[in-house]
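Understanding the architecture of this molecule
Spelled out from the first residue to the last, the chains are:
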Amino acid sequence: LFDGIYPFYLQQRKVSVFDISTIIVIVVFLTFTCSFLLIIPGIRGRARLYWTLRVLLSLVVGVVIVAVQFTGDWETGWVTANTSYKSFSRALVNADIGLHVGLAGVNVTLMGNPVNQVNETINYNEHFAWSFDADYDRSYGEGLEKGLPTPILYVAEKFTSQSPCGVHRQYRISSHYTSATLWVAFCTWLISNMLFSMPVLVYGGYMLLVTGAFMIFSLLSFSTVRSSPMCLIQFGTATLHTVYGGSFWLTLAIGLLCIMAGITVVALHYFNLDLLKIFFDLREDKEEEYQEMAEVYVNSHFVNKGL
């Protein structure tokens with residue numbers, strides 16, 4: 001005992017709002033966006049609007065593909081329940097228990113209603129990693145040694161490799177393949193941008209279709225965990241149920257956007273190539289070259305001499 005109570009953190013841990021990796025990705029893409037906005041005034045005519053649409057849409061696709069790798073809300077669930085707070089104690093607390101599943105692991109959140117109960121501040125967010133360079137069971141064991149609150153340990157135990165639920169392997173493998181497929185989508189996104197910068201627009205459209213397809217494949221990979229039965233996470237009469245989170249639906253939306261954009265580019269290539277060239281600022285360049293070539297000053301002195 002520590003001053004008559006069971007030992008927990010000497011200083012309460014804060015709830016993490018954003019992962020540092022996600023912040024870095026957002027800052028990098030915001031830097032690219034600001035750099036482009038600085039050069040936008042140098043683009044003349046309606047090409048300025050076309051360039052803005054193309055670059056901003058491309059940056060949105062890129063930042064989503066990379067950022068969702070580090071987010072923790074591919075699958076989420078919340079429940080409010082009266083539950084025990086400490087081991088070997090009969091004290092009950094009313095709290096919100098949250099489960100957030102990401103590609104790298106799970107976050108378990110515990111927030112009291114109100115936050116201050118039983119002479120403590122109940123506001124926890126614990127991460128348990130299951131990526132291939134991490135040991136989930138070890139991080140769970142460290143949580144036991146720290147004396148984490150009982151609800152957090154109860155939820156985290158469901159995903160251990162020794163749990164009767166048997167979902168650890170399914171989540172770990174599906175998350176690994178989801179991440180790998182998204183990185184392939186990021187590579188095809190880079191290739192599509194390079195192809196759009198050259199006069200081979202139709203191949204850029206094809207690569208956009210491939211990008212969208214790989215993003216959809218990543219969602220199918222993650223959704224395979226739903227085929228395995230999930231153990232009930234029960235707190236008295238309340239049950240914690242999970243649903244697909246914001247990262248899942250955002251990836252789906254961007255994947256469909258890539259497919260629609262790719263189909264549009266390919267269709268315009270075969271049915272209205274002039275409109276496609278105007279949007280990608282190719283036809284206007286040729287017209288400007290013709291106009292510049294037409295403005296030629298002829299020296300009449302050499303013409304008269306037949307030179």
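It should be emphasised that the depicted structure is a prediction, and the values quoted were computed from it without experimental measurement. (Residues numbered from 1 in each chain as written. Predicted model: local features only at pLDDT ≥ 70, side-chain atom pairs only at ≥ 80, totals over all residues. Heavy atoms only, no water.)

What UniProt calls "transmembrane region" (unreviewed entry) maps, in this numbering, to residues 20-39, 51-71, 91-110, 177-196, 202-222 and 243-271. Here residues 202-222 is 100% helix and 0% strand, with 31 Å between the C-alpha atoms at its ends. (UniProt positions renumbered as here; feature names shortened; annotations may be inferred. Helix = DSSP H or I, 4+ residues; strand = E, 2+ residues; numbered from the N terminus.)

It is worth spelling out the nonpolar core at this point. Here is a general trend for soluble globular proteins: nonpolar side chains tend to be buried in one another's company. In terms of nonpolar packing, the biggest core is built from 64 residues, with W74, I97, L99, L110, F128 and F235 touching the most fellow members. With 9 residues, the top contributor of residues to this core is helix 2 (residues 47-67). (Core = buried A, V, L, I, M, F, W, Y, C linked by side-chain atoms within 4.5 Å. Buried < 20%, exposed > 50% of the residue type's maximum accessible area, 1.4 Å probe, protein only.)

Here the focus is the packing of helix 2 against helix 7 (residues 246-271). Contact pair helix 2 / helix 7: the axes reach a minimum separation of 10 Å and the direction vectors enclose 140°. Taken together, helix 2 and helix 7 sit at an angle that is classed as oblique. Seen from above, helix 2 lies across helix 7 with left-handed handedness. On helix 7, the residues that touch V60, V61 and V64 of helix 2 are L250, I254 and C258. Of the residues contributing to the contact of helix 2 with helix 7, the split by class is 6 nonpolar, no polar and no charged. (Axes fitted to C-alpha atoms, helices over the stretch in contact; angles between N-to-C directions. Parallel < 35°, antiparallel > 145°, perpendicular 65-115°, else oblique. Left-handed = near helix turned anticlockwise from the far one by under 90°. Contact = heavy atoms within 4.5 Å. Nonpolar A, V, L, I, M, F, W, Y, C, P; charged D, E, K, R; others polar.)

Further remarks concern the packing of aromatic side chains. Counted according to the given criterion, the structure contains 21 aromatic pairs. Ring centres of F29 and F32 lie 6.2 Å apart, and the angle between their planes is 85°; on these two criteria the pair is classed as edge-to-face. Highlighted residues: F29 and F32, both in helix 1 (residues 20-39), separated by 3 residues, approximately one helical turn. Accessibility expressed as a relative area gives 10% for F29, which makes it buried. Residues Y50 and F279 carry aromatic rings whose centres are separated by 5.3 Å and whose planes lie at 45° to one another, so their mutual orientation is tilted. With Y50 in helix 2 and F279 in helix 8 (residues 273-279), the pair connects residues that are 229 residues apart, well separated along the chain. (Phe/Tyr/Trp six-rings, centres within 6.5 Å; stacked < 30°, edge-to-face > 60°.)

Side chains of I20, I23, I24, V27, V28 and F32 sit close together on the surface and give an oily, nonpolar patch of about 540 Å² of accessible area. As for its placement among the helices and strands, I23 is situated in helix 1. (Patch = residues over 30% accessible without salt bridge, like charges linked within 9 Å, V, L, I, M, F, W, Y side chains within 5 Å. Areas by Shrake-Rupley, 256 points an atom, 1.4 Å probe, with all protein chains shown as cover. Salt bridge = Lys/Arg side-chain N within 4 Å of Asp/Glu carboxyl O.)

Pairing between the strands of a sheet comes from backbone hydrogen bonds, and it takes one of two forms, parallel or antiparallel. Strand order in the open sheet made by the 5 strands is 4-3-2-1-7, with antiparallel pairing throughout. Of all strands in the sheet, those with a lone pairing partner are strand 4 (120-129) and strand 7 (243-244), marking the two edges. Sheet topology places strand 1 (residues 75-84) next to strand 2 (residues 92-101); 10 bridges connect them, and they run antiparallel. Opposite E75, over in strand 2, you have V101 as the bridge partner. Running over the sheet, helix 3 (residues 136-146) touches strand 3 (105-117) and strand 4 and is turned about 160° from strand 4. The sheet strands contacting helix 4 (residues 150-157) are strand 1, strand 2, strand 3 and strand 4, and the helix crosses strand 3 at an angle near 160°. (Pairing = 2+ DSSP bridges.)

Our focus in this paragraph is the state of the cysteines. Tallying each qualifying case throughout the model produces 1 disulfide. Residue pairing for C165: its cysteine sulfur links by disulfide to C231, the two sulfurs lying 2.1 Å apart. Between C165 and C231, the S-S torsion sits near -130°, and that sign places the bridge as left-handed. Residue C165 is located in the loop between helix 4 and helix 5 (168-196), and its partner C231 is located in the loop between helix 6 (201-223) and strand 5 (233-235); the two are separated by 66 residues in the primary sequence. (Disulfide = S-S within 2.5 Å.)

Our focus in this paragraph is the pairing of strand 2. The side chains of a regular strand alternate between both faces of the sheet. Counting buried positions along strand 2 yields 8 of 10 residues, so the element is predominantly enclosed. The turn joining strand 2 and strand 3, which pair antiparallel and follow one another in sequence, is formed by 3 residues.

This part is about the pairing of strand 1. Where strand 1 meets strand 7, 2 bridges bridge the pair, whose relative direction is antiparallel. Bridging from a neighbouring strand, T76 pairs with V243 of strand 7.

The subject of this paragraph is the confidence of the model for the chain. Here the chain averages 82 in pLDDT, and 85% of its residues register 70 or above. Considering only residues more than four positions removed or in separate chains, one finds that residues 8-17, a stretch of pLDDT under 50, has 23 contacts. Long-range and interchain partners of residues 284-294, a stretch whose pLDDT sits below 50, account for 5 contacts in this model, where long-range means more than four residues apart. (pLDDT = per-residue confidence, 0-100.)

Applying the stated criterion to the full structure yields 2 salt bridges. For E120, the salt bridge goes to K86, with nearest N and O atoms at 2.8 Å. You can see E120 sitting in strand 4 and its partner K86 sitting in the loop between strand 1 and strand 2, a full 34 residues away along the chain. Given the relative accessible area of 10%, E120 is considered buried. Between R138 and E142 there is a salt bridge; the shortest N-O distance is 3.7 Å. Taken together, the positions of R138 and E142, both in helix 3 and 4 residues apart, correspond to about one turn of that helix. Among the residues examined, E142 registers a relative accessible area of 35% and is labelled partly exposed.

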